[in-house]
Amino acid sequence: MDCLFCSIVKGEIPSTKIYENEWVYAFADIDPQAPFHAIIIPKEHIASASDITAENSFLVAKVFEAVAAIAKAENLEEGYRVVNNCGKLGGQTVGHIHFHLLARRNLAWPPG
Ligand code: AMP
Ligand code: ZN
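Thresholds, definitions, all that
Counting of residues starts from 1 at the beginning of each chain's written sequence and follows it residue by residue. A letter from A marks each chain and a number from 1 marks each ligand, given out in the order of writing. Per-residue local features of the predicted model are confined to residues with pLDDT of at least 70, and side-chain atom pairs are confined, for both listing and counting, to 80 or more; whole-chain, interface and lining totals are unaffected and use all residues. Each side-chain value is derived from all of the structure's non-hydrogen atoms; neither hydrogens nor water enter the calculation. Helix and strand assignments come from DSSP, with helices taken as H or I runs of at least 4 residues and strands as E runs of at least 2, each series counted from the N terminus. Both definitions apply: the radius of gyration is a C-alpha atom measure, and the globule rule equals 2.2 Å times residues to the power 0.38. Burial status follows relative accessibility: with a 1.4 Å probe on protein chains alone, a residue under 20% of its type maximum counts as buried, one over 50% as exposed, and anything between as partly exposed. The criterion is simple. A nonpolar core is a set of buried Ala, Val, Leu, Ile, Met, Phe, Trp, Tyr and Cys residues joined through side-chain atoms within 4.5 Å. When at least one non-hydrogen atom of a residue lies within 4 Å of a molecule or strand, that residue is treated as near it. Definition of a polar contact: a pair of N or O atoms within 3.5 Å, with one able to donate and the other able to accept a hydrogen when the atoms are protein atoms, and with sequence-neighbouring residues admitted only if both atoms are side-chain atoms. Under the convention used here, a 1.4 Å probe and the Shrake-Rupley method define accessible areas, while residue burial counts only the protein chains that appear. Here the term cavity refers to a set of points on a 1 Å grid, laid over the protein atoms alone, in which a 1.4 Å probe fits but cannot get out; the term pocket refers to an open set having protein on both sides within 12 Å along at least five of seven lines, with lining residues being those that place an atom within 4 Å of a point. Just a note on the criterion: a molecule sits in a pocket or cavity if more than half of its atoms are within 2 Å of the grid points. The criterion used for residue contact is that any of the two residues' heavy atoms lie within 4.5 Å. Grid points are joined across faces, edges and corners, and a volume is the space filled by probe spheres set on the points. The nonpolar class holds Ala, Val, Leu, Ile, Met, Phe, Trp, Tyr, Cys and Pro. Asp, Glu, Lys and Arg form the charged class, and all remaining residues, Gly among them, are polar.

Peer 1: Could you clarify how one ought to interpret the overall build of the chain in this entry?
Peer 2: For the chain, the helix and strand inventory stands at three helices and five strands. Since a compact globule built from 112 residues should have a radius of gyration of about 13 Å, the 14 Å found for the chain is in line with a globular shape. Over its C-alpha atoms, taken along the principal directions, the chain stretches across nearly 40 × 30 × 30 Å. Burial statistics for the chain: of 112 residues in total, 37% are counted as buried.

Rendered as structure tokens:
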């Protein structure tokens, strides 16, 4: 299967690592939308939020454990936003579930 983020996890495509453990990998977004913009993914291939099941949902919890660890390490105590784009109308462009962690600017709401 051809998946950009699986290739990044395997190291076949270079990335700037921000955080890693047994379950998740986080790296700098190539086109940052905020002064701090990380992409956090489960290492296991899951296509989108619509493919979360009782068997793999613990990986979403692992992603949010990584969010908390990164926020602490990067001193994001002023706040941040976690975004998951799902499907065509949701703006998802890479078919491996991922969570954007955006920080270090005032983030508008609603997001538009
Ligand atoms: P989404 O639009 O939610 O699917 O987000 C995909 C994100 O992946 C975008 O913010 C892209 O800038 C980012 N992206 C695409 N290719 C790479 C890459 N090779 N390294 C890092 N980030 C990437
Ligand atoms: Zn994948």
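Peer 1: How should I be thinking about the nonpolar core in this particular structure?
Peer 2: In globular proteins that are soluble, nonpolar side chains generally tend to be buried together. If you look at the biggest cluster of nonpolar residues, it comprises 17 residues, and the most contacted ones within it are F36, I40, V63, I70, L76 and L101. Mapped onto this core, the elements with two or more residues apiece are β2 (24-28), β3 (36-42), α2 (58-73) and β5 (99-103). Among the nonpolar cores identified, the runner-up in size contains nine residues, and F27, I39, I41 and V94 belong to it.

Peer 1: So what exactly am I meant to see when it comes to the site of ligand 1 here?
Peer 2: In the vicinity of ligand 1, 16 residues are found, and the nearest of them are D29, N85, T93, H98 and H100. Between ligand 1 and the protein, one listed contact pairs an oxygen atom with a side-chain N or O atom of D29 at 2.5 Å. When ligand 1 sits alone it has 500 Å² of accessible area, and the protein chains cover 83% of it. Structurally, ligand 1 is housed in the largest pocket.

Peer 1: It is not clear to me how the environment of V24 should be interpreted in this structure. Could you clarify?
Peer 2: Tracing the sequence through the fold places V24 in strand β2. Note on V24: relative accessible area 0%, which makes it buried. Those residues in contact with V24 that sit more than four places away from it in its chain are Y19, I41, P42, K43, K62, V63 and A66.

Peer 1: Mind showing me how you'd approach the layout of surface pockets here?
Peer 2: Sizing a probe to match a water molecule and rolling it over the atoms shows the empty space that remains. Taken as a whole, the largest pocket spans an internal volume of roughly 400 Å³. Residue assignment for the lining of the largest pocket shows that the elements contributing at least two residues are α1 (4-10) and β2. By volume, the second largest pocket amounts to about 290 Å³. Elements with a minimum of two residues in the lining of the second largest pocket: β4 (80-83) and β5. Considering only residue class, the lining of the second largest pocket consists of six nonpolar, five polar and two charged.

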